[in-house]
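Chain and residue survey
In case you want the letters, here they are:
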Protein chains: 4
Amino acid sequence: MVVVMSTDVTEAEITEVVDVVRAVGGDAFVSRGVSRTIIGLVGDVAAFGMLNLHNRSGVAEVVRISVPYKLVSRENHPERSVVEVGGVPIGPDHLVLIAGPCAVETPEQTLAAALMAKSAGARLLRGGAFKPRTSPYAFQGLGEAGLRILADVRAETGMPVVTEVIDPESVELVASYADMLQVGTRNMQNFALLQAVGAARKPVLLKRGMSATIEEWLMAAEYIAQRGNLDIVLCERGIRTFERAVRNTLDISAVPIAQRLSHLPVIVDPSHSGGRRDLVLPLSRAAIAAGADGLIIDVHPEPGIALCDGDQALVDADLEELGVVTRDLAALMGRTPASATGRTAAEAAERVPEAAKSPT
Amino acid sequence: MVVVMSTDVTEAEITEVVDVVRAVGGDAFVSRGVSRTIIGLVGDVAAFGMLNLHNRSGVAEVVRISVPYKLVSRENHPERSVVEVGGVPIGPDHLVLIAGPCAVETPEQTLAAALMAKSAGARLLRGGAFKPRTSPYAFQGLGEAGLRILADVRAETGMPVVTEVIDPESVELVASYADMLQVGTRNMQNFALLQAVGAARKPVLLKRGMSATIEEWLMAAEYIAQRGNLDIVLCERGIRTFERAVRNTLDISAVPIAQRLSHLPVIVDPSHSGGRRDLVLPLSRAAIAAGADGLIIDVHPEPGIALCDGDQALVDADLEELGVVTRDLAALMGRTPASATGRTAAEAAERVPEAAKSPT
Amino acid sequence: MVVVMSTDVTEAEITEVVDVVRAVGGDAFVSRGVSRTIIGLVGDVAAFGMLNLHNRSGVAEVVRISVPYKLVSRENHPERSVVEVGGVPIGPDHLVLIAGPCAVETPEQTLAAALMAKSAGARLLRGGAFKPRTSPYAFQGLGEAGLRILADVRAETGMPVVTEVIDPESVELVASYADMLQVGTRNMQNFALLQAVGAARKPVLLKRGMSATIEEWLMAAEYIAQRGNLDIVLCERGIRTFERAVRNTLDISAVPIAQRLSHLPVIVDPSHSGGRRDLVLPLSRAAIAAGADGLIIDVHPEPGIALCDGDQALVDADLEELGVVTRDLAALMGRTPASATGRTAAEAAERVPEAAKSPT
Amino acid sequence: MVVVMSTDVTEAEITEVVDVVRAVGGDAFVSRGVSRTIIGLVGDVAAFGMLNLHNRSGVAEVVRISVPYKLVSRENHPERSVVEVGGVPIGPDHLVLIAGPCAVETPEQTLAAALMAKSAGARLLRGGAFKPRTSPYAFQGLGEAGLRILADVRAETGMPVVTEVIDPESVELVASYADMLQVGTRNMQNFALLQAVGAARKPVLLKRGMSATIEEWLMAAEYIAQRGNLDIVLCERGIRTFERAVRNTLDISAVPIAQRLSHLPVIVDPSHSGGRRDLVLPLSRAAIAAGADGLIIDVHPEPGIALCDGDQALVDADLEELGVVTRDLAALMGRTPASATGRTAAEAAERVPEAAKSPT
């Protein structure tokens, strides 16, 4: 950190900055130029952050040089991490495909979507039982009944389950069914929820907030990590811009940047980025080529009657092409498509959590 | 709602749209043009929303004509509402000033800030005990100890208390101390929290999400209203844009627009909008002149050592000028500055909730 | 300027930075910390900018401390400037109202709009003869015929004329008719045009680019100033954001910020900001209260048949209220409404440029 | 087009809309619902646009169904176009690589950059002689001397030249040297320039404005096309968002969307999008995978001393990898890398325009 003092700074103000820095265990080096005095700080950036140095009198500007997160930073952990979800690795050597319906509606619809997903190469099943919706009048998900359907479909297909959790209170419930907990874009800075999933001992899929900077996204991951859970996968899902042709603008640059700043895996959600079926394939290709560690995709057996986001769900030929794309591009990028290491449904079923063995 | 069918639509597809609309109790009128068929819908927009008509085959576009919220809409409630907070009215005839420290740090700092605020004309005390912070390493607030300090300062000054609640679990606790519950910008789409404050029987201050459209903001208010709580005050606090000279860009147009679309009062937070002390006065003036029903302002007795957002807190001369500005502009805008109707501290103390009479 | 060197910098790299800085007449002070070396630069920022120091090997970051413009900066010219347009002062003591039709359509429409504007207190007439339109199929303006109409209406009403110039080639022509040259939002970084108006010896109204930072806006003004023309008035007209309820988001904070960074007058265009008639009055009030030095407003005698932006043009009661608002708020802000110092039409007519005395 | 009338519309207002539509040669179909009357328009959208129907009394909303451009739209020209530049095809079957220095500085630097570019597979040479710079104090380019250098390097290497033109006046001069005229991001809505290049009979590379919607970008292309020049290549180069880790956010979705809406080729500039060397390769891969028809890349023999944007220029190993990436991904996407069809330098030299054979 570099503290730039104002042109009319006094000696007392300089001394005060040095003193408060040393009081929290840091060290401070004063450099006096002709018009400006600059103080370089060495030590714990988090401790310095608590000092609110930019508020102090005599301080013109504080320039951060290190990143403000630690546990998730690549600076402190140069090797890229692998996160295992129900035995499926997500990380630099593989390319994982997560697919399923936006919302769990019925057992039949969920199973059909899972089988479609699986045959396209997906190894993990996504599906929402608790749906955060902009409108209180929109379908809010089936709740625990939806979780039970997911567990049944996992037993049938062998696909571990990724599902969203929307408040701290239901983390335990959702974790008793799910293999991976998803934190959605609207909850990226729901700090109570981040802390709850941080304590939950299940891998977490952390979607980027729709207007979060990459740095804020990594700070949100740091909240989870701080509670002892480093099994975090970051998911870029589009940001809010002025462009109206798409629901969100996929920030493809975020993939290599987040991978450079953090050791965590980074996947992409091309379905929610564009919000349009015809963009899913081109954005999936772009994501893999940019180096993403995986994709999460909406599929639905009958998009026309989907209760949620049907206009972006893949079906039939498009889904088959996604499977082909994934395999070919993965190879070119030096990655094993996750499906190639395939476990059988039977193996998977053995790993189903207790609570999830629902009698329905 | 108007459903525009695609150029190659079939009769069966048209019939299907008409049928599903009628199945939910609506009515549908088909108009056949030379190249396009258009279907006008009459009935419950919320029910139509559940149909996901834009997913149906043969549908090119769905054009909404009514707003997607009801309870908070002005269409359904033309008269602008007044929300009372501990006896202080917020609404079209008054101009309320809410002020206090960003974070409660000590009893002394909080009392000093409250007295400063009061002498500038503030009738409500703001102060954060639970602080949602981007960094897990930043000061997170004193929690319940902070609530107790706020209650003590209310007893001393007669100022009802506005304080933030950051998760559903602590709503009851915070409501037992506070006169108004604040939902912060990062939680505007934390739907579990919205539902919890909707059930809490305390007025709610709903800050606009930093990248929420005005429509999404009103939908968030609708979540609260749906639980039976219509004592909602909207607060514009700046949106995220490309401009880097400010922390957020105050969207001053949102004040008249939200007042036109909704009957709820709309206030402005000029402190967090700009994030700079030198902008608080100009933005406060602008907000009142644009028709805001009040202001919420950060003050701190010693901004240089504030634990949170000290660089935007008002003090001394600026604060006095704010008092003058509020009075003069309020008069010009045909409003009574809330302080003019002033209750005494003694009267206020009588209204302090039980749980808040802390022994400290 | 502060140059932060990377952690693995070599002595040779440090020496090279010092040498290139000295080679352009600056001075450099090296401060060696435990982990970082920092070099403070003293001298001509523009010259340093040409060095592209951030490209040099061994350089981690370059932190600018001074602003990158000079002629328009307030640092170098603390007193706020007054720009005179046809005898009407724009600056800190007055509040100027500029009004007229978005586009000049006919002599009758232009005269009617001018008289409406004048009776509401406007002292300068706006009107577009050359219209930059997003669509090549939209009305592009009357060209020189429109300039002639403006000149005739000036002769009739005594109102000096502000009109847009859209390419370097027509600057001379437009300047021969106009009292002030407007550079529109889409041309804010049309550098050839900026240089041409800089050489034109007429006051310039420089609209902010719809996605320009305040700093870029001031850099654009610097281009004009560099050619010897410091009669520049800045105009905030809304920026592009994600919000869809308005055409542009008025950045009200830009008014006090630009006035703090630059000595140039700053006015606001509430018509094009919102793009909605019902926002013109609230945004006008907000602009004056935020400290704007004036307003530029669209008026039209029959908005329903306007060829350009009719849905934002004021007429009748709204326009009268604008006049009242301007007077009352101007007084409260310690400003003389420009109309109070009024010249007569006869006086104004005497000052009409030769070329403008068209025979039509 | 669909015109939605307001709830309190009168018969006279409906009749007026129908009449004005018919007056410009269109037809109008009135559909009366229970609460709303809707009028469907058939005919020339451009003509309807001139009517400004949204301004008319009784009109609530105008909903456009067709796109507002014609000549560049794919609706009217379903087959994707091929644009030839000095014999090099840009279009759906090839993948063109355009590379060279951001700014032409010296003959040696330009030749070195061109040879680097060529050996990486580039078939067209980019290089700026006229540079639009945010700061008037930054290097503005060598002007005609730069054009002469480019012509010499073309003669030497056989690479046709793409270079920027920044004002209408210099179009003729630049066109006498260049094989393709580039319109930069800041000039995308410089309509006088668009018309001038439209008349110039040279292919045009039209960069997207940094805050232009895709629709506005296509409207800008329509301006060029209207003057008779349909040899237009669109270039996505990043848009302005809140994210600060990059200079611009590459809008990768714009590639498939623009290709769907327009028949023109679409290429990507990964250098200016990110503004960071380490992003050029991942973004190049992403662009090709998303279906881009080519790339335009900054290279520089010594980025550390570049006068313009050196921190994003490729050199050495990165550049070689770009060549490999282009070839491998192009094959996977079913495209011929342009270099594979290679003309020799000698062949190219024969095609150099007269004016460009400079004696220097």
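Remember, it's a predicted structure, so these values are computed and weren't measured experimentally.

With that settled, the discussion passes to the overall build of chain A. The secondary structure content of chain A amounts to 12 helices and 15 strands. Against the 2.2 N^0.38 benchmark of 21 Å for 360 residues, chain A shows a C-alpha radius of gyration of 23 Å, consistent with a compact globule. Taken over the C-alpha atoms alone, chain A extends approximately 75 × 40 × 40 Å along its principal axes. Taking all 360 residues of chain A together, 65% fall into the buried category. The long-range share in chain A, meaning contacts at least 24 apart out of those at least 6 apart in sequence, stands at 71%. Summing over all exposed atoms, chain A offers an accessible surface of approximately 11,700 Å²; the carbon and sulfur share of this is 50%. Here chain A holds 34 positive side-chain charges and 44 negative ones, and the gap between their average locations is 1 Å.

The partner chain B presents 46 residues to the 47 residues of chain A that form the contact. For the pair chain A and chain B, the summed buried surface comes to about 3,800 Å²; carbon and sulfur atoms form 51% of the total. Taken together, the links from chain A to chain B amount to 2 salt bridges. Across the pair A:Arg240 and B:Glu216 runs a salt bridge whose closest N-O atoms are separated by 2.6 Å. The interface formed by chain A and chain B includes 18 residue pairs in polar contact (both at pLDDT 80 or more). Of all the secondary-structure elements, those providing two or more residues to the side of chain A that touches chain B are α2 (45-50), α6 (191-198) and α7 (214-226) of chain A.

Right, let's talk about the packing of helix α3 (residues 107-119) of chain C against helix α4 (residues 144-157) of chain C for a bit. Residues and elements named next belong to chain C. For the pair α3 and α4, the least separation of the axes is 10 Å and the interaxial angle reads 40°. In terms of axis orientation, α3 runs oblique to α4. Between α3 and α4 lies a crossing of right-handed hand. Residues Pro 107, Thr 110, Leu 111, Ala 114, Leu 115 and Lys 118 of α3 form the contact with α4, whose own contacting residues are Ile 149, Leu 150, Val 153, Glu 156 and Thr 157.

The next subject is the sheet that holds strand β3 (residues 37-42) of chain D. Residues and elements named next belong to chain D. Taken in spatial order, the 4 strands line up as β2-β3-β1-β4 in an open sheet, and their pairing is antiparallel. The open sheet is flanked by β2 (27-32) and β4 (59-63), the only strands paired with a single partner. Strand-to-strand twist in this sheet, taken as the mean axis angle between neighbours without regard to direction, amounts to 20°. Sheet topology note: the strand β1 (residues 2-5)/β3 ladder contains 3 bridges and is antiparallel. Directly across from Val 4, in β3, lies its bridge partner Ile 38. In the packing of helix α1 (residues 11-23) onto the sheet, contacts are made with β1, β2, β3 and β4, and the angle to β2 comes to roughly 155°.

What follows concerns the relation of the copies chain C and chain B. In screw terms, the move from chain C to chain B is a rotation of 180° and a rise of 0.0 Å along the axis, fitting with an RMSD of 0.0 Å. With respect to symmetry, the two chain copies, as superposed, fit the operation of a two-fold axis. It is C:Ala286 whose C-alpha, among those of chain C, lies nearest the rotation axis, at 2.0 Å. In this assembly the copies share their binding face: 100% of the residues contributing to the interface of chain C also contribute to that of chain B.

Listed by partner, the interface residues are 34 residues for chain C and 34 residues for chain B. For the pair chain C and chain B, the summed buried surface comes to about 2,700 Å²; carbon and sulfur atoms form 73% of the total. Ranking the residues of chain C by area buried against chain B places C:Phe242, C:Glu243 and C:Ile257 at the top, with a combined share of 19%. Applying the counting criterion to the chain C and chain B interface returns 4 salt bridges. Of the charged contacts in the structure, one is a salt bridge between B:Asp278 and C:Arg260, with a shortest N-O distance of 3.2 Å. Our count for the contact surface shared by chain C and chain B stands at 6 residue pairs in polar contact (both at pLDDT 80 or more). Broken down by secondary-structure element, the contributors of at least two residues to the side of chain C that touches chain B are α8 (254-261), α10 (277-289) and α11 (316-332) of chain C. The residue inventory of the side of chain C that touches chain B, partitioned by class, reads 20 nonpolar, 5 polar and 9 charged.

Let's shift gears to the environment of C:Glu13. All names here are of chain C. Tracing the chain through its elements places Glu 13 in helix α1 (residues 11-23). Residue Glu 13 is classed as buried on the basis of its relative accessible area, which comes to 17%. Placed 276 residues apart in sequence, Glu 13 and Ala 289 show a C-alpha to C-alpha distance of 52 Å. Other than its neighbours up to four places away in sequence, Glu 13 contacts Met 5, Asp 8, Ser 57 and Gly 58. Here Ser 57 takes part through its side chain, which lies 3.3 Å from a polar atom of the side chain of Glu 13.

This paragraph deals with the packing of aromatic side chains. The tally for this structure, following the rule as stated, stands at 4 aromatic pairs over all chains. Centroid distance B:Phe191 to B:Tyr223: 4.5 Å. Interplanar angle 25°. Geometry classified as stacked. Taken as a pair, B:Phe191 in helix α6 (residues 191-198) and B:Tyr223 in helix α7 (residues 214-226) lie far apart in primary sequence, 32 residues in all. You can call B:Phe191 buried: its relative accessible area is 7%. With a relative accessible area of 1%, B:Tyr223 lands in the buried category. Over the ring of B:Tyr137 we find A:Lys70; its NZ or CZ atom is 5.0 Å from the centre of that ring.

Bringing the pairing of strand β12 (residues 232-236) of chain A into the picture now. All names here are of chain A. Burial runs high along β12: 5 of the 5 residues are buried. Covered by surrounding structure in β12 are Ile 232, Leu 234 and Glu 236 together with Val 233 and Cys 235, the residues of both alternating faces. Handedness of the crossover joining strand β11 (residues 204-207) and β12 through α7 is recorded here as right-handed. Taken together, the 3 bridges between β12 and strand β13 (residues 266-268) define a ladder with parallel strand orientation. Its bridge partner lying in β13, Cys 235 is registered against Ile 267. Handedness of the crossover is the feature at issue here: the chain leaves β12, passes through helix α8 (residues 254-261), returns alongside β13, and the resulting connection is right-handed.

Averaged over all residues, the pLDDT of chain A equals 88, while 92% of them reach at least 70. In this model residues 340-360 of chain A is a low-confidence stretch, pLDDT under 50, and it forms 38 contacts with partners more than four residues away in sequence or in other chains.

Bringing the pattern of salt bridges into the picture now. This model, assessed by the stated rule, comprises 60 salt bridges over all chains. Notably, a salt bridge pairs B:Arg56 with B:Glu16, separated by 2.9 Å at the nearest N-O pair. Pair noted here: B:Arg56 is in the loop between α2 (45-50) and β4 (59-63) and B:Glu16 is in helix α1 (residues 11-23), with a separation of 40 residues, a long-range link. According to the relative accessible area criterion, B:Arg56 is buried, its value standing at 13%. The closest approach of N and O atoms between B:Asp269 and B:Lys207, which form a salt bridge, is 2.6 Å. Of this pair, B:Asp269 sits in the loop between β13 (266-268) and α9 (270-274) while B:Lys207 sits in strand β11 (residues 204-207), placing them 62 residues apart in sequence. Connected through shared salt-bridge partners, A:Arg208, A:Glu236, A:Asp251 and D:Glu243 make up one network.

Examined at the domain level, chain A breaks down into domain 1 (2-63) and domain 2 (83-356). Placing a centre on the C-alpha atoms of domain 1 of chain A and another on those of domain 2 of chain A gives a separation of 44 Å.

As a further point, take the UniProt feature "domain: DAHP synthetase I/KDSA" (unreviewed entry) in chain A. Cross-referencing UniProt, the feature "domain: DAHP synthetase I/KDSA" (unreviewed entry) maps to residues 87-329 of chain A in the present numbering. Taken as a whole, residues 87-329 of chain A contains 39% helix and 16% strand, while its terminal C-alpha atoms sit 23 Å from one another.

For the rest of this paragraph, the subject is helix α11 (residues 316-332) of chain D. Quick reminder: α-helices carry 3.6 residues per turn. Residues three or four places apart thus point the same way. The terminal C-alpha atoms of α11(D) lie 25 Å apart, and with 17 residues this matches the ideal 24 Å at 1.5 Å per residue to within 8%. All of the buried residues along α11(D) are D:Leu319, D:Leu322, D:Gly323, D:Val325, D:Thr326, D:Leu329 and D:Ala330. The arc enclosing the buried residues of α11(D), seen along the axis, measures out at 165°, which places them on a common side. Opposite the buried face of α11(D), by more than 90 degrees, sit the exposed residues D:Asp316, D:Ala317, D:Glu320 and D:Ala331. Those residues of α11(D) that are buried are in contact with α11 (316-332) of chain A together with β7 (94-100), α3 (107-119), α10 (277-289), β14 (294-298) and β15 (336-337) of chain D. D:Gly334 lies just past α11(D) and shows a positive phi near 75°.

Okay, the relation of the copies chain A and chain B next. Overlaying chain A with chain B gives an RMSD of 0.1 Å, the required rotation being 180° about an axis along which the chain moves by 0.1 Å. The overlap is high: 98% of the interface residues of chain A also sit at the interface in chain B, so the same surface is used on both sides.

Let's shift gears to the side chain of B:Gln312. Residues and elements named next belong to chain B. Note on placement: Gln 312 falls in the loop between β14 (294-298) and α11 (316-332). Given the relative accessible area of 1%, Gln 312 is considered buried. Engagement of the side chain of Gln 312 in a polar contact is seen with the side chain of Arg 247, the distance being 2.9 Å. Within the local environment of Gln 312, its side chain forms a polar contact with the side chain of His 272, the two groups lying 3.3 Å apart. Aside from chain neighbours lying at most four places away, what touches Gln 312 is Arg 247, Ser 271, His 272, Gly 275, Arg 276, Arg 277, Val 280 and Asp 298.

Rules used in this analysis
Residues numbered from 1 in each chain as written. Chains lettered and ligands numbered in written order. Predicted model: local features only at pLDDT ≥ 70, side-chain atom pairs only at ≥ 80, totals over all residues. Heavy atoms only, no water. Helix = DSSP H or I, 4+ residues; strand = E, 2+ residues; numbered from the N terminus. Rg over C-alpha atoms; globule rule 2.2 N^0.38 Å. Buried < 20%, exposed > 50% of the residue type's maximum accessible area, 1.4 Å probe, protein only. Contact = heavy atoms within 4.5 Å. Areas by Shrake-Rupley, 256 points an atom, 1.4 Å probe, with all protein chains shown as cover. Lys, Arg positive; Asp, Glu negative; His and termini not counted. Charge placed at Lys NZ, Arg CZ, Asp CG, Glu CD. Buried area = accessible area lost by both parts, 1.4 Å probe. Salt bridge = Lys/Arg side-chain N within 4 Å of Asp/Glu carboxyl O. Polar contact = N/O pair within 3.5 Å; in protein donor to acceptor, adjacent residues only side chain to side chain. Axes fitted to C-alpha atoms, helices over the stretch in contact; angles between N-to-C directions. Parallel < 35°, antiparallel > 145°, perpendicular 65-115°, else oblique. Left-handed = near helix turned anticlockwise from the far one by under 90°. Pairing = 2+ DSSP bridges. Least-squares fit on C-alpha atoms with pLDDT ≥ 70 in both. Nonpolar A, V, L, I, M, F, W, Y, C, P; charged D, E, K, R; others polar. Phe/Tyr/Trp six-rings, centres within 6.5 Å; stacked < 30°, edge-to-face > 60°. Lys NZ or Arg CZ within 6 Å of the ring centre and 35° of its normal. Right-handed = clockwise from strand over helix to strand, strands pointing away. pLDDT = per-residue confidence, 0-100. Domains from an automatic or database assignment. UniProt positions renumbered as here; feature names shortened; annotations may be inferred. Expected span 1.5 Å × (residues − 1). Arc of directions from axis to C-beta.

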